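The residues making up each chain are set out below.
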Amino acid sequence: MLAWCSVRLDGIQTDEQRQQTLTELLALQLDDGGWSTAGFLTDWKGLARGDGKPLNTKTSDGYGTGLNMVIARELGVPADDARLRRGVKWIHANQRASGKWFTQSPVNDAGNLISNVGSAYVILALQACGELPGWPFSPTKPAKIPALKAAPPNTTSETDHFWYRLAPDGPYVDSQRDNKAFGFGEGKIFLSEDNCRTWAHSATFSDAENITFSCILKNGNIVFATREKLFLSTDNLKTHRPITVKDRSGRDYLPHTPVNPDQPGWYFHPLDGEHTWDVKGKEMLVWGNYCNVTGGPVPVIIYYSTDSGQTVKIAYAFGQNPHFQQKGAAPGPLLGDATNPLIARHIHGLVYNPVENAFYTCTGDIDRGNGNECHWLRGTYDALADTWDWMVLVSVNSDSRFKSGGMNFVDGRLYWVADANGPKVGAQHDRGVFTCAPEDIANKAAHKLLYNLEFESANMIVQDGVMLAALYAPASTSTCGFVYSPDMGKTWAQYDLKEFGPRSGCRFHKKNSDGWFRVDLRKGWIDRGEVLFIKPKP
């Protein structure tokens, strides 16, 4: 209920606390598509039935199903989400002859009057999911975001500094490189060789809607992933094969078996967009997973490949974060590296500095009583030994400039944008666009503030002197905000592309051969929305 209230009242929960609540509630969905009221009350201290019987946590009911679906919609889950559609099916199948939906009182069987409130929540859930008219709640925050589009595809708008347009109708454009683009949709994967004008290559891929990552390599190979499976195509999508990741001992690294098959977690999903670098004349693919925000808990991992995706290995594995583990799992090994005391929720970004021949990564998120989750690490790779050496540079609370996803190196100098937690209106937080020499990252006195954008921003790209960053819709006063510098931070402009509705830009890709950056527009924080292209003016 706190998460629901916080959609309208600031200061009750942070966006990340809301997202964690949502993740935990959705994970309690039962096999029949409904939820049990007792199932999400088991953490209440002293809650027990008066007759000594165990709480009934495995029977779906109207109150649990309706309330969870309403909260999910309020917190940004789209009405066509597979979990909510399963909930709708449960509702249609379980209405009683009285017109109500039964809910057993969690603590006794005296009348089960909770069925009355439960039936009201079921009606709200049907309205929220478009099954009935009259959804009564106004979209005062980004929880109820329609799939808005500013203009017909290929229609270009402009600011003083850049042109912008949505991706054309067709496949969802997941990544780009030079003149190529990889997309997916309607049970297929696609490859364009003319910047999305046409899609010359395609193949059937039944799990296309669950693709969370893709990367086009220099030799034309394409690495792409669903939530927990990784694939490689070496022939323009004519064929593709699964990739089994190798751990640091050379053994197969296999995803865990989820308690809920619909919640396998995001093993390979990144928040940033650039993942390949020329390392001493050889291309390396290196990325980390932005996970534990939806879809179930998974370990936090940095992956790498030195052979164009033919093999993928683990460069670094974070420890076992007690907060992000499967609920209801049988006793056994926790998710994460048991030998590593350093924990994180997920990886915000990873970048390479050719001057040092070193990689840098930043993690999140907030501290939850088990140690800091926000770290900066520096890693160097020994190609001859095929080994990594990592050192922790910073380990702090997330309410600081060190929480970042928008990391870039230009001529050996580090540039980043801060994603510090905190309310979007209120006390000033340690945010902005910063720069420093990489050896000074831990020394705040050596940092230079280039622009105080005031709000959270976890993505920024720097190319050809242009600096482009996004403002996160749930954490800023902008609807769909971007900050822009055409001259490496000497001057700045801030734009709000309100016509797109509440959206957050992430996964920035370098300009294609026509000069357009590619940007994900996400609903709220993470749910996929549209793809935006931005082209700097000369």
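The structure under discussion appears in the preceding block.
Residues numbered from 1 in each chain as written. Predicted model: local features only at pLDDT ≥ 70, side-chain atom pairs only at ≥ 80, totals over all residues. Heavy atoms only, no water.

Draft legend 1. Spatial organisation of helix 3 (residues 62-74). Taking 1.5 Å of rise per residue, 13 residues should cover 18 Å, and helix 3 covers 18 Å from first to last C-alpha, within 8% of that figure. With respect to burial, helix 3 is a largely interior element, 13 of its 13 residues being buried. The backbone nitrogen of Tyr-63 lies 3.3 Å from a side-chain oxygen of the residue at the head of helix 3, namely Asp-61. At the C-terminal side of helix 3, Gly-76 shows a positive phi close to 105°. (Helix = DSSP H or I, 4+ residues; strand = E, 2+ residues; numbered from the N terminus. Expected span 1.5 Å × (residues − 1). Buried < 20%, exposed > 50% of the residue type's maximum accessible area, 1.4 Å probe, protein only. Polar contact = N/O pair within 3.5 Å; in protein donor to acceptor, adjacent residues only side chain to side chain.)

Draft legend 2. Up close: the sheet that holds strand 6 (residues 201-204). Strand order in the open sheet formed by four strands is 3-4-5-6, and the pairing between neighbours is antiparallel. Among the strands making up the open sheet, the edge pair consists of strand 3 (172-177) and strand 6. The sheet shows a mean angle of 15° between the axes of neighbouring strands, direction not considered. Across four bridges, the pairing between strand 5 (residues 188-192) and strand 6 is antiparallel. The partner of Lys-188 across the bridge, within strand 6, is Thr-204. (Pairing = 2+ DSSP bridges. Axes fitted to C-alpha atoms, helices over the stretch in contact; angles between N-to-C directions.)

Draft legend 3. Spatial organisation of the pairing of strand 22 (residues 413-418). Of all six residues making up strand 22, five are buried, and the element is well covered by its neighbours. Here six bridges tie strand 21 (residues 404-410) to strand 22, and the two strands are oriented antiparallel to one another. By the bridge assignment for strand 22, Phe-409 is matched with Leu-414. Pairing of strand 22 with strand 23 (residues 433-436), which is carried by four bridges, proceeds in the antiparallel orientation. Within the sheet, the bridge partner assigned to Leu-414 lies in strand 23 and is Cys-436.

Draft legend 4. Expanded view of the pattern of salt bridges. On inspection of all chains with the given rule, the structure shows 24 salt bridges. Among the ionic pairs, Asp-174 bridges to Arg-507, the shortest N-O distance being 2.6 Å. Of this pair, Asp-174 sits in strand 3 while Arg-507 sits in strand 29 (residues 504-509), and the two are 333 residues apart along the sequence. Residue Asp-174 shares its accessibility class with Arg-507, and that shared class is buried. Residues Lys-511 and Asp-464 are paired through a salt bridge, measuring 2.8 Å at the closest nitrogen-oxygen approach. Of this pair, Lys-511 sits in the loop between strand 29 and strand 30 (517-523) while Asp-464 is found in the loop between strand 25 (460-463) and strand 26 (466-470), placing the two residues 47 residues apart along the sequence. (Salt bridge = Lys/Arg side-chain N within 4 Å of Asp/Glu carboxyl O.)

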